[in-house]
Amino acid sequence: MEAPPDNDVLWARALHFQHQDGSPALQGVSLGVREGEILAVSGPRGSGKTTLLRCLSGLIRPQDGEVWFNSVPVHTMGPLSRERLRRDRFGWIDPTPVLVPELNAWENAALPLMLRGTGRRRAKTAALEWLDRLDVGDKARRRPRDLQQSERQRVCIARALAVAPAVLFADEPTAPLHRADRAQVLRTLTTAARSHGITVVLATHEAQTAGLADRSVALLDGRRVRTVHLPPLAETTVATGATGASGTEGRAACSLSA
């Protein structure tokens, strides 16, 4: 078993995973994520993005391959060890907001901190700070049923950031937001991550979202894709004297890589 590079906080090699119906979700995906990096995992729906994030975060174990966090093999951990790792070191944002209905907004945002043993007053202060930064501070005492879906998602993002995780996994984090709000929320998320040294692995199918990351990798049908951009077609004249199509548009060729 080969140890990962020292400068990678997350490292995965040859990950394979199949859905229960036998269809492949990941087919030999390998990647490394440097500490403090914002990495976008892009690709269309069904390309394996969510499965990759779930394997990297220890939510599920790959059926083959390795996952390392700070040189610790996550793929060999038992369920309880992976749960502690997610609680103490990782943050997660789902594409659909999931909150505890009996708790108000600030209590939901503070819950992971209190589960770690942080005092209620300190946890509340951190939660309120992030709710303010995400423009839902005035909704801090409302319960989830009294919030719009976009507001509930902002609470989920605040909850993930309040614990200052070593790695934040964000699976289409702005999907429930109105298009006009997405850029502002993503800027808040990425700026906060950079200022706090948080590593982010962000799954998205939108090129604009991927463009906010430091680097991106693309998936297609469970494999990494390498896209090669070709120069525009040159204007040519054939032997008959007819003029070929002018190359005002670029071409791109895609190839699959392990």
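Residues numbered from 1 in each chain as written. Predicted model: local features only at pLDDT ≥ 70, side-chain atom pairs only at ≥ 80, totals over all residues. Heavy atoms only, no water.

Asks: Which residues make up the sheet that holds strand 5 (residues 72-73), and what values do they have?
Replies: Ordered in space as 2-1-4-5, the four strands form an open sheet in which the pairing is antiparallel. A strand with exactly one partner marks an edge of an open sheet, and here the two such strands are strand 2 (24-34) and strand 5. Against the sheet, helix 1 (residues 49-56) makes contact with strand 1 (8-18), strand 2 and strand 4 (64-69), and its axis sits at roughly 55 degrees relative to strand 2, the strand it touches most. (Pairing = 2+ DSSP bridges. Helix = DSSP H or I, 4+ residues; strand = E, 2+ residues; numbered from the N terminus. Contact = heavy atoms within 4.5 Å. Axes fitted to C-alpha atoms, helices over the stretch in contact; angles between N-to-C directions.)

Asks: Tell me about the side chain of R82, and name the residues and values.
Replies: Relative to the helices and strands, R82 is located in helix 2 (residues 79-89). Among buried Asp, Glu, Lys and Arg side chains, R82 stands out as unpaired, with E83 the closest opposite charge at 8.8 Å. If sequence neighbours within four positions are ignored, R82 has contacts with G58, L59, R61, V74 and M77. (Buried < 20%, exposed > 50% of the residue type's maximum accessible area, 1.4 Å probe, protein only. Lys, Arg positive; Asp, Glu negative; His and termini not counted. Salt bridge = Lys/Arg side-chain N within 4 Å of Asp/Glu carboxyl O.)

Asks: With reference to specific residues and values, describe helix 5 (residues 149-162).
Replies: Residues spaced three or four apart along an α-helix face the same direction, because each turn holds 3.6 residues. Counted at 1.5 Å a residue, the expected span for helix 5 with its 14 residues is 20 Å, and the 20 Å between its end C-alpha atoms agrees. Counted residue by residue, helix 5 has 12 buried out of 14 residues, so it is predominantly covered. Those residues of helix 5 not exposed but buried are S150, E151, Q153, R154, V155, C156, I157, A158, R159, A160, L161 and A162. Of the surrounding elements, those touching the buried residues of helix 5 are strand 6 (90-93), helix 3 (105-115), helix 4 (120-133), strand 7 (167-171) and helix 6 (179-196). Directly after helix 5, the chain includes A164, whose backbone phi takes a positive value near 45 degrees. (Expected span 1.5 Å × (residues − 1).)

Asks: Describe the side chain of R182, with residues and values.
Replies: Mapping R182 onto the fold places it in helix 6. Accessibility expressed as a relative area gives 16% for R182, which makes it buried. Polar side-chain contacts of R182 include one of 3.2 Å to the backbone oxygen of L177. Beyond its immediate sequence surroundings of up to four residues, R182 is in contact with T174, A175, L177 and E206. (Polar contact = N/O pair within 3.5 Å; in protein donor to acceptor, adjacent residues only side chain to side chain.)

Asks: Describe the packing of aromatic side chains, with residues and values.
Replies: Under the definition given, this model contains three aromatic pairs. When the ring of F69 is compared with that of F90, the centres are 5.0 Å apart and the planes differ by 80 degrees; the resulting orientation is edge-to-face. Of this pair, F69 sits in strand 4 while F90 sits in strand 6, and the two are 21 residues apart along the sequence. Taking relative accessible area as the criterion, F69 reaches 4% and is therefore assigned buried. The class for F90 is buried, based on a relative accessible area of 5%. Measuring from ring centre to ring centre gives 5.2 Å for F90 and F169, while their planes differ by 80 degrees; the resulting arrangement is edge-to-face. Linking F90 in strand 6 with F169 in strand 7, this pair joins segments that are 79 residues apart in sequence. Both residues of the pair, F90 and F169, belong to the buried class. By the ring-pair criterion, three or more aromatic residues cluster together here, those being F69, F90, W92 and F169. (Phe/Tyr/Trp six-rings, centres within 6.5 Å; stacked < 30°, edge-to-face > 60°.)

Asks: Break down helix 6 for me, citing the residues and quoting the values.
Replies: The first and last C-alpha atoms of helix 6 sit 26 Å apart over 18 residues, in line with the 26 Å expected at 1.5 Å per residue. All buried positions along helix 6 are accounted for by R182, V185, L186, T188, L189, T190, A192 and A193. Among the residues trailing helix 6, G197 stands out with phi positive, at a value near 65 degrees.

Asks: Any chance you could break down unusual backbone geometry for me, citing the residues and the numbers?
Replies: Positioned with a positive phi, A14 is a non-glycine residue whose angle comes to about 50 degrees. Tracing the sequence through the fold places A14 in strand 1. Phi angles above zero are rare outside glycine, and D135 is one such case at about 65 degrees.

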